[in-house]
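Next come the chains, spelled out residue by residue.
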Amino acid sequence: MKSTPAFFSSLRADRGGQIFLAILAVVALLVPLLNLMVPEANPLHLSTYTVTLLGKYLCFALLALAMDLVWGYCGILSLGHGAFFALGGYAMGMYLMRQIGDRGVYGNAQLPDFMVFLNWKELPWYWQGFDQFWFAMLMVMLVPGLLAFAFGWFAFRSRVTGVYLSIITQALTFALLLAFFRNEMGFGGNNGLTDFKDLLGYNLQSDGMRSALFFASALALALGYLVCRYIVNSKLGRVVTAVRDAESRARFVGYQVEHYKLWIFTFSAVLAGIAGALYVPQVGIINPGEFSPLNSIELVVWVAVGGRATLYGAVAGAVLVNYGKTYLTAALPDVWLFALGGLFVVVTLFLPHGIAGLLAQLRSRKKTLQPAESSP
Amino acid sequence: MNSADHPLDSEHIGEIGRHALIPDTVDVSHRTILYLEDVTVSFDGFKALNNLSLYIDDGELRCIIGPNGAGKTTLMDVITGKTRPDTGSVFFGQTLDLTEMSEHQIARAGIGRKFQKPTVFPEHSVFENLELAMHTDKRVWYSLFAKLRGEQRDRIAEVLQTINLTAQREQRAALLSHGQKQWLEIGMLLMQNPRVLLVDEPVAGMTHQEMDHTAQLLTSLAGKHSVIVVEHDMDFVRSIARKVTVLHEGAVLAEGSMDDVQHDRRVIEVYLGE
Ligand SMILES: Nc1ncnc2c1ncn2[C@@H]1O[C@H](COP(=O)(O)OP(=O)(O)OP(=O)(O)O)[C@@H](O)[C@H]1O
Ligand SMILES: [Mg+2]
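Quick caveat: nothing in here was measured; it's all calculated off a predicted structure.

Check the secondary structure of chain A and you find 15 helices and 4 strands. Overall size of chain A, expressed as C-alpha extent along the three principal axes, is 80 × 60 × 50 Å. Classification of the 376 residues of chain A by burial places 51% in the buried group. Here chain A displays about 17400 Å² of accessible surface, and carbon together with sulfur accounts for 68% of that area. Here chain A holds 25 positive side-chain charges and 18 negative ones, and the gap between their average locations is 14 Å.

Here is the structure:
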């Protein structure tokens, strides 16, 4: 509570953020309303499918915020951020598996179906505790956070930067992809975790739950935005961008650059984990495909399209690109990857500051035009 | 502590106290603040520094000159921890072994540096550049909640005035002229409140007037701080120099007053070429 004023004061100069949060507030209230309160026959009714789809976009937007922190503000081009998202998703998936109880195909209350199928006799140690919601939520943040911390500790201390860092982050998510494919890992192998039934005892398929998850995603995105805005407006945020622009200068001024990178990288991973945890109950499945290097690269494209180092740009990029993806994969499924690649090239060449940069440019042009019009 | 014989000591401690947090641990009881002894640095067999020995007194203003490639910048790299010497020892005061410390530790211990090519934080305003350099707790969690105190704002305003950038305080540093960037970097040095300032080619790209101002500034800093200036501009060096060290091929060729050095046969040979 005490820090709330600081959050809001850091919004004061953030026009883009104010607009974004206002839109988000309206959407967060309107979408559940149009789904739950408006009868299906009414043209204003929003289908549950759409609610879930929008909820997914919001999770991606939160993930994009996390990416913008490390890439846009700190200059660390992580090509493995999808891994943290997936780990958060798995932690949530494990809780949802435990919620199934004895309603699985084998009716075993002690073990998830895939373990019965593998002839396992008891729950592995790392599945203990996941029947508790609070524990699972802790793991949603702790597992991605610890991995990012350990990874960053070695990478940043050895002063791995630039392309090399990007490559090893990509290797990280690829290694996890291969590991999670293995049945012996105990995370459902190829099929991943699915057939979820309940969340906190409530039916996951119900319209009410869908709207609740949508609302929770919107809330997480709003809070995530405020915290990120506070961070980038703090002195820590200024140090981080200083490191991005002139790393050795930052060192010689007395900052321990590794610690700053590590902090922002770890925080960002936690945020990505939360996004993954909100995503999984909405799509109803988590499998190793979420670790695919391509996912992490798509994430980079969202942020590039929206505009780096603005926060709201990352949100806009995530929503727009994913809307395009939904549309294209339905209409012209073969075209999507080419479209994604093309988009990246176009943005890199013609819109280095993304949509946010374009808007800022238009606004400043309007500003310079106005006095000229009024003077004669 | 042991530096009771330093004339400006009480004032210095007062200043550190005002900016608080890092105790004054540099032991200058023998009046020497920097010791470099038999330092050798080689890059792929080429010796950029060759058995170099150099001593800087506390509060001294020292000019270092020498032809291109003499090893002047490498010398600063060694002092600030950017380059580790192959052999030799580098001490800050009696006790701090600089070869064992990392860049940020050396900076926090009180050695500030201006690069040959001016490097400031281009996307930050002039004010923010100074704020970032300011002597304070520079750990992560502190920075997350840091708020500027009144006296810190005053100090920034004071430095802005000293470096003639008050009018540009809200301007992005990338937009400054070359000379202004040089000054901003000097200003950042001042904000760090270091014991030793290493200044690599401070007047490149400056007008004569700006140069005079810089000369004034650097001489006024000596006494309270130790200042080491590397510069090619001989007029500038003459205007500030008390003691000059000539480097050549990674070693000290001559040392003394500007006049002595200028009339040294070996120095003339090096500069005029055999
Ligand atoms: N990282 C490095 N790798 C290889 N050689 C280097 C490196 N740094 C410096 N050198 C070489 O060491 C020698 C000394 O370089 P240094 O930059 O210290 O010279 P300087 O006296 O500062 O010259 P200038 O007046 O041109 O700035 C040069 O020959 C340079 O090419
Ligand atoms: Mg040099």
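Next, the rest of the story.
A word on the overall build of chain B. Of regular secondary structure, chain B possesses 11 helices and 10 strands. Over its C-alpha atoms, taken along the principal directions, chain B stretches across nearly 60 × 40 × 40 Å. Here chain B holds 274 residues, and 54% of them are scored as buried. Split by element, the accessible area of chain B, about 11900 Å² in all, is 50% carbon and sulfur. Side chains of chain B carry 27 positive and 40 negative charges; the gap between the two charge centres is 5 Å.

Listed by partner, the interface residues are 25 residues for chain A and 31 residues for chain B. For the pair chain A and chain B, the summed buried area comes to about 2600 Å², and 63% of that belongs to carbon and sulfur atoms. Considering only the surface of chain A that becomes buried against chain B, Lys235, Arg249 and Phe252 of chain A emerge as the three largest contributors, covering 32% of it. Joining chain A to chain B, the criterion identifies 3 salt bridges. Residues arginine 249 of chain A and glutamate 185 of chain B are paired through a salt bridge, measuring 2.4 Å at the closest nitrogen-oxygen approach. Listing elements by their share of the side of chain A that touches chain B, those giving two or more residues are helix H8 (207–233), helix H9 (235–245), helix H10 (247–252) and helix H11 (257–283) of chain A. When residues of the side of chain A that touches chain B are assigned to their parent elements, the largest contribution, 8 residues, is made by H9 of chain A. Taken together, the residues of the side of chain A that touches chain B sort by class into 12 nonpolar, 6 polar and 7 charged.

Extensive coverage of helix H4 (residues 126–133) of chain B is indicated by the burial of 7 of its 8 residues. If you check which residues of H4 of chain B are buried, you get Val126, Phe127, Asn129, Leu130, Glu131, Leu132 and Ala133 of chain B.

Moving on, we get to the packing of aromatic side chains. A complete count under the given rule lists 26 aromatic pairs over all chains for this structure. Taken together, the ring pairs in this structure connect Tyr90, Trp125, Tyr126, Phe180, Phe187 and Phe291 of chain A into an aromatic cluster. Positioned above the aromatic ring of phenylalanine 252 of chain A, the side-chain terminus of arginine 113 of chain B is 5.3 Å from the ring centre. Lying over the aromatic face of tyrosine 255 of chain A, lysine 138 of chain B brings its terminal NZ or CZ to 5.4 Å of the ring centre.

Here we come to the site of ligand 1. Residue and element names in this part refer to chain B. Every one of the 13 residues lining ligand 1 counts as a neighbour, but Asn68, Lys72, Thr73, Thr74 and His232 are closest to it. One nitrogen or oxygen atom from the side chain of glutamine 116 is found 2.9 Å from an oxygen atom belonging to ligand 1. Histidine 232 is positioned with one of its side-chain polar atoms (N or O) 2.7 Å from an oxygen atom of ligand 1. The fraction of the free accessible surface of ligand 1 (640 Å²) that becomes covered by protein chains is 63%. Elements represented by at least two residues in the shell around ligand 1 include exactly strand E2 (46–57) and helix H2 (72–79). Ranked by the residues each element gives to the shell around ligand 1, the list is headed by H2, at 3 residues.

Counted under the stated rule, the structure contains 26 salt bridges over all chains. Taking the shortest distance from any N to any O, the salt bridge between aspartate 77 of chain B and arginine 113 of chain B comes out at 2.6 Å. With aspartate 77 of chain B in helix H2 and arginine 113 of chain B in strand E6 (residues 111–114), this pair connects stretches of sequence that are 36 residues apart. A relative accessible area of 2% places arginine 113 of chain B in the buried class. Because the salt bridges share partners, they merge into one network encompassing Arg159, Glu247, Arg251, Glu258 and Lys261 of chain A together with Glu103 of chain B.

Turning next to the packing of H4 of chain B against helix H6 (residues 150–162) of chain B. The angle between the axes and the distance between the axes are what describe a pair of packed helices. All names here are of chain B. Across the interface, H4 lies against H6 with an axial gap of 10 Å and an inter-helix angle of 120 degrees. Taken together, the axes of H4 and H6 lie oblique to each other. Helix-helix and strand crossings are classified by hand; for H4 and H6 the assignment is right-handed. On the side of H4, the interface is formed by Val126, Phe127, Leu130 and Glu131, while H6 contributes Arg153, Ile156, Val159 and Leu160.

It is worth spelling out the coordination of the magnesium ion (ligand 2) at this point. All names here are of chain B. For the magnesium ion (ligand 2), every protein donor is listed as Thr73 (OG1) and Gln116 (OE1), and the spread of their distances is 1.9 to 2.2 Å. Pair noted here: threonine 73 is in helix H2 and glutamine 116 is in the loop between E6 and H4, with a separation of 43 residues, a long-range link. Residue class for glutamine 116 comes out partly exposed when judged on its relative accessible area of 36%.

Another point: the state of the cysteines. Residue and element names in this part refer to chain A. Within the structure shown, the criterion is met by 0 disulfides over all chains. There is no disulfide at cysteine 59, and the cysteine sulfur nearest it, in cysteine 228, is 15 Å away. On the accessibility criterion, cysteine 59 (1% relative accessible area) is buried. We note that cysteine 228 lacks a disulfide partner, and the nearest cysteine sulfur, in cysteine 74, lies 13 Å from it.

A word on the environment of proline 288 of chain A. All names here are of chain A. Mapping proline 288 onto the fold places it in the loop between strand E4 (285–286) and helix H12 (293–306). Judged by its relative accessible area of 1%, proline 288 is buried. Those residues within four positions of proline 288 in sequence are excluded, and the remaining contacts are Tyr90, Leu177, Phe180, Phe181, Gly189, Asn190 and Gly192.

Time to look at a nonpolar patch on the surface. A cluster of nonpolar side chains, contributed by Val26, Leu30, Leu33, Leu36 and Met37 of chain A, occupies part of the molecular surface with about 490 Å² of accessible area. Turning to its location among the elements, leucine 33 of chain A is positioned in helix H2 (residues 15–36).

So, about the confidence of the model for chain A. On average, chain A scores 91 in pLDDT, and the residues at 70 or more come to 96%. The low-confidence segment residues 372–376 of chain A, where pLDDT is below 50, has 0 contacts with residues more than four positions distant or belonging to other chains.

Turning next to the side chain of threonine 214 of chain B. Residues and elements named next belong to chain B. Here threonine 214 is to be found in helix H8 (residues 208–221). Judged by its relative accessible area of 0%, threonine 214 is buried. A polar contact is formed between the side chain of threonine 214 and the side chain of tryptophan 183, at a distance of 3.0 Å. If we skip the residues at most four places from it in the chain, threonine 214 touches Trp183, Ile186, Pro202, Val203, Met206 and Phe236.

Residue and element names in this part refer to chain A. Together, Arg15, Arg363, Lys366 and Lys367 give the surface a local cluster of positive charge. Ranked by residue count, the leading element in the positive patch is helix H15 (residues 354–374), at 3 residues. Inspection of the secondary structure assignment puts arginine 15 in helix H2.

All names here are of chain B. In terms of strand pairing, strand E9 (residues 243–248) meets strand E10 (residues 251–256) through 5 bridges, oriented antiparallel. Residue pairing across strands places valine 246 opposite alanine 254, the latter belonging to E10. Counting the residues in the hairpin turn of E9 and E10 gives 2 residues, including glutamate 249, whose phi is positive at 50 degrees.

Cut-offs applied
Residues numbered from 1 in each chain as written. Chains lettered and ligands numbered in written order. Predicted model: local features only at pLDDT ≥ 70, side-chain atom pairs only at ≥ 80, totals over all residues. Heavy atoms only, no water. Helix = DSSP H or I, 4+ residues; strand = E, 2+ residues; numbered from the N terminus. Buried < 20%, exposed > 50% of the residue type's maximum accessible area, 1.4 Å probe, protein only. Areas by Shrake-Rupley, 256 points an atom, 1.4 Å probe, with all protein chains shown as cover. Lys, Arg positive; Asp, Glu negative; His and termini not counted. Charge placed at Lys NZ, Arg CZ, Asp CG, Glu CD. Contact = heavy atoms within 4.5 Å. Buried area = accessible area lost by both parts, 1.4 Å probe. Salt bridge = Lys/Arg side-chain N within 4 Å of Asp/Glu carboxyl O. Nonpolar A, V, L, I, M, F, W, Y, C, P; charged D, E, K, R; others polar. Phe/Tyr/Trp six-rings, centres within 6.5 Å; stacked < 30°, edge-to-face > 60°. Lys NZ or Arg CZ within 6 Å of the ring centre and 35° of its normal. Near = heavy atom within 4 Å. Polar contact = N/O pair within 3.5 Å; in protein donor to acceptor, adjacent residues only side chain to side chain. Axes fitted to C-alpha atoms, helices over the stretch in contact; angles between N-to-C directions. Parallel < 35°, antiparallel > 145°, perpendicular 65-115°, else oblique. Left-handed = near helix turned anticlockwise from the far one by under 90°. Donors = N, O, S within 2.8 Å, 3.2 Å for Na, K, Ca; no water. Disulfide = S-S within 2.5 Å. Patch = residues over 30% accessible without salt bridge, like charges linked within 9 Å, V, L, I, M, F, W, Y side chains within 5 Å. pLDDT = per-residue confidence, 0-100. Pairing = 2+ DSSP bridges.

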